[in-house]
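What follows is the residue order along each chain.
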Amino acid sequence: MDQDECTDQQDSSPLLQLPTDVLLVIFEQLGLVDILSLRLCCRKALELTQERSIWVRTVKEQQQELPVPPKIMQNLNLDESLKDTSTEQLFEFALRILRIDQLWSRPRQLPSVYLEKRVNASILLGIRIVLDRWLVLFYSEGVIQLYDLRVLTRDASASKGLVAELEDFDHGPWVSFAAAVDPESQILILSTAKLVPPYQMCMYKVDLRQCVNQQCDNRPGNIVLLQHLPLDAPRMVQAINPPLGLVAVSVSSRVQLVSCLEPDVNSPGFIIPAYPEDPDDLWNGINALHFMGPYLLVARTRSIELHHYPTSPNETTEPRAPSLRHQFRMATFKEVAFSDCKAGTPSDGGQTFETIMLAYDVIQGLFQFKIELYLPSVPPQSQKTDTPPSLLSRITGDDDQAKVTVIQTGLYPLGLPYSTPVNSNPSSPHAHIPGSDSPTPTYSHTHFLQGTHLSHGTSSAVSRGFLSSFSMGAQGHRAIWVERRRGGVSREVQVWGRNMARASQENSNWIFHFGADCVEMEKKVVYTINSYDLRGMSCRAYTDNREADSYLL
């Protein structure tokens, strides 16, 4: 088509005769796929769709349901106008997000990369992926490996993707680990705890920027021992707060915080005294710990707690703000996973911190909750302590105290429903629940979901499957898990995305048991494999613990 024909088509189109500002308003209501199609129509439409406001809006809309690159996410948190990001970069980011979303639920073929186990390391504790680029492998014997996923996806040779490695057999064997990165300094903090006497905990650091530079020079990066801390008893490392230099550990049913800011390798640092142990906690063990602003979220098997924590040794003697607690009524969680904490500033000058929790109940399935912590503008230390702050399934009442909203937003059902509704009386969170003081709640074994789309094809004559591992993305928009039926070794790798098609939740039974805000998490099987012990999932990789091998899908 020559220029004259293109100009004639533009002149004859009633749509393009509208004023430019009106056209921009129309274009801003279109989805990304429609905008890309519109760009192919004519030259004028191409020029109009290069307007910056269109791509700022597109990226912001994608951020609501799709993971966005860490750089864009950081800029969105600092400045919603994204003034430090060019229009061309916004266009490229929007296309990248769309392409990844289209590929997310497609079936995978054979794993593209095989990370062979080490000769002197046969027990793989687990894997972590940070900043959508770095893959960290922890081996119980005392080995840490750091891979660059950008290199692994370009070259299937695992040796080329290995950027740093540590062999610390003197401080092993390890029983637990944690990893977290400071986005500003690009410093990766790693922590491990020893299994056998003498008990000890080690902290390591990796400069990711230095790893990139050394990789360009074909030199391996360094994993440096930051601190070695002797312990009087075994601890489970749970979470790390790199900006504050705090490591959260658990022992029995209690929580402790350890500082890793001391430059001396042999310095004992300081240990914040554990919270008083409640006798009820003996059957309500700790699954995970998660930092939410100035509070530490403690996820237990049947409840969650939020404790205000000090950030320095001088604060340990000051009175603490009251703790927040929420009891899950008829659910017993075996494992949980968290998204990164997202901070916000409401109009009243306070602060909000939001995280997504994915929790697995062996009998009932995979639950998803949105947890939002609201802090008034008054510092927590100056709050009145005569009335304990409330933790409800909806925020109600005045806003002069810290509050938490806990909403169930999703469920992947594996079988049995509740015998009583979850939100039967949300206005009375402290009311006594029959059976709640018993270590073993009573379940209804009537399969009311059988024969409906909620049963996932499970019949009463076939044993239900269970999840051997699951993981959630850093922004809480995607999840992946491994499911297998009982009595077999065939396992399905299943993925979920927040924007995937959802089943209609007009079923009264569903709303009665799980609430109107809860939707079914639609699975998509992307890979099937025979394995005896498939676990250690992340959103891009998995491990086989029996063979101590790792694969990248």
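Along each chain, residue indices are assigned from 1 in the same order as the chain's sequence is written. Selection of residues for local features in this predicted model requires a pLDDT of at least 70, selection of side-chain atom pairs for listing and counting requires 80 or more, and totals for whole chains, interfaces and linings are taken over all residues. Only hydrogens and water are set aside when side-chain values are computed; all heavy atoms of the structure are taken into account.

Regarding the overall build of the chain
Per the secondary structure count, the chain includes 11 helices and 31 strands. Burial classes: relative accessible area under 20% of the type maximum marks a residue as buried, over 50% as exposed, and values in between as partly exposed (1.4 Å probe, protein chains only). Evaluated residue by residue, the chain yields a buried proportion of 49% over its 553 residues. Within the chain, counting contacts between residues at least 6 apart in sequence, those at least 24 apart form 58% of the total. In the form shown here, the chain has an accessible surface area of approximately 26000 Å², with 51% of it arising from carbon and sulfur atoms. For the purposes of this entry, the term helix denotes a DSSP run of H or I that reaches at least four residues, the term strand denotes a run of E that reaches at least two, and both are numbered from the N terminus. Working rule for contacts: check all heavy atoms of both residues, and any pair within 4.5 Å makes them a contact. Here, Shrake-Rupley sampling with a 1.4 Å probe gives the accessible areas, and only protein chains in the shown set may cover a residue.

A closer look at the packing of aromatic side chains
When two rings of Phe, Tyr or Trp (its six-membered ring) have centres within 6.5 Å they constitute a pair, described as stacked for plane angles under 30 degrees, edge-to-face for angles over 60, and tilted for the intermediate range. Applying the stated criterion to the full structure yields 11 aromatic pairs. Centre to centre, the rings of F328 and F333 are 5.1 Å apart; their planes meet at 80°, and the pair counts as edge-to-face. A relative accessible area of 2% means that F333 is categorised as buried. Relative to F367, the ring of F333 has its centre 5.4 Å away and its plane inclined at 70°; by these criteria the two rings are edge-to-face.

Structural notes on the nonpolar core
Buried Ala, Val, Leu, Ile, Met, Phe, Trp, Tyr and Cys residues that are joined via side-chain atoms within 4.5 Å together make up what is termed a nonpolar core. By size, the foremost hydrophobic cluster in this structure holds 28 residues, and its most contacted members are L306, F328, F333, V336, M357 and L373. Contributing elements (two or more residues each) for this core: β14 (286–292), β15 (295–300), β16 (303–308), β18 (335–338), β20 (351–361), β21 (365–375), β23 (403–413) and α11 (508–514). For this core, the element with the most residues is β21, which contributes five residues. Ignoring any residue separated from it by four or fewer positions in sequence, one finds M357 in contact with A299, I304, F328, V336, A337, F338, F367, Q368, F369, I371 and M472. Residues F27, A45, I54 and I97 belong to the second largest nonpolar core, which totals 24 residues.

Structural notes on the sheet that holds β16
As summarised here, the arrangement of the four strands in space is β14-β15-β16-β17, forming an open sheet in which the pairing is antiparallel. If you trace the sheet from one side to the other, it starts and ends with β14 and β17 (324–327), each paired once. On average, each strand axis in the sheet is tilted by 15° relative to the strand beside it, whichever way the strands run. At least two bridges found by DSSP between two strands are what make those strands a pair. Pairing of β15 with β16 involves five bridges; the strand directions are antiparallel. Paired with L296 across the bridge in β16 is H307. Orientation is described by axes fitted as lines to C-alpha atoms, over the contacting stretch for helices, and by angles from 0 to 180 degrees between their N-to-C directions.

Looking at the environment of C260
Its location among the elements puts C260 in the loop between β12 (254–259) and β13 (271–272). For C260, a relative accessible area of 5% translates into the label buried. Remark: the alpha-carbon pair of C260 and H228, spanning 32 residues in sequence, is separated by 9.1 Å. Other than its neighbours up to four places away in sequence, C260 contacts M203, L226, Q227, G245, L246 and V247.

Describing the pairing of β17
The alternating pattern of β17 places L324 and H326 on a buried face and R325 and Q327 on a face that is not buried. In this sheet, β17 lies alongside β16 in antiparallel orientation, the contact comprising four bridges. Across the sheet, residue L306 finds its bridge partner in β17, namely L324.

Quick look at a nonpolar patch on the surface
Without a salt bridge and with relative accessible area above 30%, a residue can belong to a patch; like charges are then joined within 9 Å and nonpolar side chains (Val, Leu, Ile, Met, Phe, Trp, Tyr) within 5 Å. The salt bridge definition used is simple: a Lys or Arg side-chain nitrogen within 4 Å of an Asp or Glu carboxyl oxygen. The grouping of L15, L18, V22 and I26 at the surface amounts to a nonpolar patch, some 270 Å² of accessible area in total. Locating L18 in the fold gives a position in the loop between α1 (3–12) and α2 (20–27). Taking the relative accessible area as the measure of exposure, L18 reaches 33% and is therefore partly exposed.

Structural notes on the pattern of salt bridges
Overall, the coordinates contain six salt bridges when judged by the stated rule. Residue R478 pairs with D101 through a salt bridge whose shortest N-O separation is 3.8 Å. Residue R478 is found in strand β25 (residues 478–485), and its partner D101 is found in helix α7 (residues 87–104); the two are separated by 377 residues along the sequence. The two residues R478 and D101 agree in class, both being buried. Residue R300 is joined to E305 by a salt bridge in which the shortest nitrogen-to-oxygen separation is 3.0 Å. The exposure class assigned to R300 is buried, which follows from its relative accessible area of 4%. Judged by its relative accessible area of 6%, E305 falls in the buried class. Connected through salt bridges with shared partners, the residues R300, E305 and R325 form a single ionic network.

A look at the confidence of the model for the chain
Detailed reading of the predicted coordinates is not advisable wherever pLDDT is low. Taken residue by residue, the chain gives an average pLDDT of 75. The fraction at 70 or more is 69%. Here residues 380–399 is a poorly scored stretch, pLDDT under 50, and it has 49 contacts once near neighbours within four places are set aside; other chains count. In this model residues 416–463 is a low-confidence stretch, pLDDT under 50, and it forms 89 contacts with partners more than four residues away in sequence or in other chains. As a per-residue measure, pLDDT tells how confident the predictor is, with possible values from 0 to 100.

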